[in-house]
Amino acid sequence: MPELPEVETIARGLARRVTGDVMESVWLGSKPEPLKSPAREIVATLESKRIADVRRVGKHIVFDLEPTGQTGERPAKPLKSRGSKSRLSQSRKPTSSKARGAKAASIGSKTTSEHSQWIVHLGMTGSVVVSTPDAEVEKHTHAIVKLASGKELRFVDPRRFGRLSVAHQFQAAGSEPLEVELDRFVELFKGRKTPIKSALLNQGLLSGVGNIYADESLHIARIHPLRTANTLSDDEIAKLYAGIRQALSDGIRYEGASINWYRKPDGTRGESQDHLRVYRERGNLDKPCPVCGSPITKIWVGQRGTHFCPSCQTR
DNA sequence: ACTATTTCCTGGATGC
DNA sequence: TGCATCCAGGAAATAG
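Residues numbered from 1 in each chain as written. Chains lettered and ligands numbered in written order. Predicted model: local features only at pLDDT ≥ 70, side-chain atom pairs only at ≥ 80, totals over all residues. Heavy atoms only, no water.

This next bit is on the overall build of chain A. A tally of regular secondary structure across chain A gives 7 helices and 10 strands. Residue pairs at least 24 apart in sequence account for 69% of intrachain contacts in chain A once pairs closer than 6 positions are excluded. When the accessible area of chain A is evaluated, it comes to approximately 15,700 Å², of which 49% is carbon and sulfur surface. (Helix = DSSP H or I, 4+ residues; strand = E, 2+ residues; numbered from the N terminus. Contact = heavy atoms within 4.5 Å. Areas by Shrake-Rupley, 256 points an atom, 1.4 Å probe, with all protein chains shown as cover.)

Take a look at the structure:
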């Protein structure tokens, strides 16, 4: 459930709470661990590092870490939102086939302590909570990081779809929906025969759009979710581009959709769910289309519940 | 190179 | 009331 607006809200909240703090020790749960990097690598990367920043990349939370100790060199603050467009052209590595995006590219680089990053993907039900040490460790806690301030960062995830990893220059596989330019956006979908709804969920194209905001974007753009991407006109794609930007920035403004699991870092609910146009919780289709008043229809597209207005979004 | 399908996972909702 | 079943879906893995 956590999609771009939810992860953005979480990352901002975490940044406010733990930036500057130092990770002193790391505990990782046993059993089937939700780890993408080896446990020892995660522990080694996190321990004794200062949290320089916490930010969102796609649906990932990125903790930018810097070494502690030597006062001599203080690594430059990691690239915040520096024009990713300018990097796009040159960032196509020669080893493009294995540019799976989320992989921890730890090859070479002996200066591993520089620019290291802790990457958290929340999956469906994951959360990162800031606790005091005496707070009860809730069920499904898979990692605890003790901070120098005395606080603890805890990764909790009942359904265990979340993943922890470390990286150095983490890059999402796809483009940032709020940063990509229109012509690039058009290119992403050109020629694809898959339903546009499925294409929107493909993180290799756009990183950050999930089921809720895909439905919302398509409704704003008045595009039927089953239209295949290659049948969309330039005008329709431009409307979709704008729709995505609107749906996501509204989501951020309302601090995420607390449909079921998601809570803001302070434990309260986001408000985005009160402003959704077509997405409905558990197929509750009582609330009609806010534009024309027609009943919302729910169908399945690529195993995903998909909501749309059959009157506004025709094929 | 794509596209479609399956699988993982558990709490809460629903059904009998 | 209780127990079984269904449903939610991000993304890796598998199949076509």
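Okay, the protein's contact with DNA strand B next. Close contacts around DNA strand B come from 13 residues, with His140, Arg159, Arg192, Lys193 and Thr194 the closest. In this structure, Arg192 approaches DNA strand B through a side-chain N or O atom, which is 2.7 Å from a phosphate oxygen. Between DNA strand B and Thr194 there is a distance of 2.7 Å, counted from a phosphate oxygen to a side-chain nitrogen or oxygen. (Near = heavy atom within 4 Å. Polar contact = N/O pair within 3.5 Å; in protein donor to acceptor, adjacent residues only side chain to side chain.)

DNA strand C sits among 15 residues. The nearest are His121, Phe161, Tyr279, Trp300 and Arg304. Restricting attention to atoms of DNA strand C within 4 Å of the protein, one finds that 54% of them are sugar or phosphate atoms. A distance of 2.4 Å separates a phosphate oxygen of DNA strand C from a polar side-chain atom of Tyr279. Contact distances for DNA strand C include 2.3 Å between a base nitrogen and a side-chain N or O atom of Arg304. Secondary-structure elements contributing two or more residues to the surface near DNA strand C are β9 (297–301) and β10 (304–308). Tallied by class, residues from the surface near DNA strand C come to 5 nonpolar, 4 polar and 6 charged. (Nonpolar A, V, L, I, M, F, W, Y, C, P; charged D, E, K, R; others polar.)

When you line up the elements, Arg280 lands in the loop between α7 (234–253) and β9. The buried charged residue Arg280 lacks any salt bridge partner; its closest oppositely charged side chain belongs to Glu216, at an N-O distance of 5.5 Å. Residues in contact with Arg280, not counting those within four places in the same chain, are Leu285, Lys287, Pro288, Ile296 and His307. (Buried < 20%, exposed > 50% of the residue type's maximum accessible area, 1.4 Å probe, protein only. Lys, Arg positive; Asp, Glu negative; His and termini not counted. Salt bridge = Lys/Arg side-chain N within 4 Å of Asp/Glu carboxyl O.)

Glancing now at the environment of Phe170. Inspection of the secondary structure puts Phe170 in the loop between β8 (163–167) and α4 (182–189). Each C-alpha atom, one on Phe170 and one on Ile119, is 8.0 Å from the other, the two residues being 51 residues apart in sequence.

It is worth spelling out the pairing of strand β1 (residues 22–28) at this point. As paired strands, β1 and strand β2 (residues 49–57) are joined by 2 bridges and run antiparallel to one another. Within β2, the position partnered with Met23 by the bridge is Lys49. Sheet topology places β1 next to strand β6 (residues 141–147); 5 bridges connect them, and they run antiparallel. Along β6, the bridge assignment pairs Leu28 with Ala143. (Pairing = 2+ DSSP bridges.)

Let's shift gears to the packing of helix α1 (residues 4–18) against α7. Their axes nearest at 8 Å, the elements α1 and α7 cross at an angle of 35°. The two elements α1 and α7 meet at a crossing, and its hand is right-handed. Contact residues: α1 offers Leu4, Pro5, Glu8, Thr9 and Arg12, while α7 offers Leu248, Gly251 and Ile252. The residue inventory of the contact of α1 with α7, partitioned by class, reads 4 nonpolar, 2 polar and 2 charged. (Axes fitted to C-alpha atoms, helices over the stretch in contact; angles between N-to-C directions. Left-handed = near helix turned anticlockwise from the far one by under 90°.)

Moving on, we come to the packing of helix α6 (residues 211–221) against α7. To describe two helices that pack against each other, one gives the angle between their axes and the distance between the axes. Contact geometry for α6 and α7: axes closest at 8 Å, N-to-C directions at 130°. With respect to their mutual orientation, α6 and α7 come out oblique. Along this stretch, α6 crosses α7, giving a crossing that reads as right-handed. Contacts between α6 and α7 involve Tyr213, Glu216, Ser217, Leu218, Ile220 and Ala221 from the former and Lys239, Leu240, Gly243, Ile244, Gln246, Ala247, Leu248 and Gly251 from the latter. Among the residues forming the contact of α6 with α7, the class breakdown is 8 nonpolar, 4 polar and 2 charged. (Parallel < 35°, antiparallel > 145°, perpendicular 65-115°, else oblique.)

The residue Arg154 is located in strand β7 (residues 152–156) in this model. With relative accessibility at 3%, the residue Arg154 sits in the buried group. Spatially, the C-alpha atoms of Arg154 and Val26 are 9.9 Å apart, while their sequence positions differ by 128 residues. Leave out the neighbours within four places in its chain, and Arg154 touches Ser127, Val128, Val129, Ser131, Thr132, Pro133, Ala135, Glu136, Val137, Thr141, Ala143 and Ile144. Here the side chain of Arg154 touches Thr132 through a polar contact of 3.3 Å, landing on its backbone oxygen.

A separate point is the sheet that holds strand β3 (residues 60–67). Ordered in space as β5-β7-β6-β1-β2-β3-β4-β8, the 8 strands form an open sheet in which the pairing is antiparallel. Across the chains shown, the open sheet's two edge strands, defined by having one partner strand only, are β5 (127–131) and β8. Strand-to-strand twist across the sheet, computed as the mean angle between neighbouring axes with direction ignored, equals 30°. Against the sheet, α1 contacts β2, β3, β5, β6 and β7, and its axis sits at roughly 160° relative to β2.

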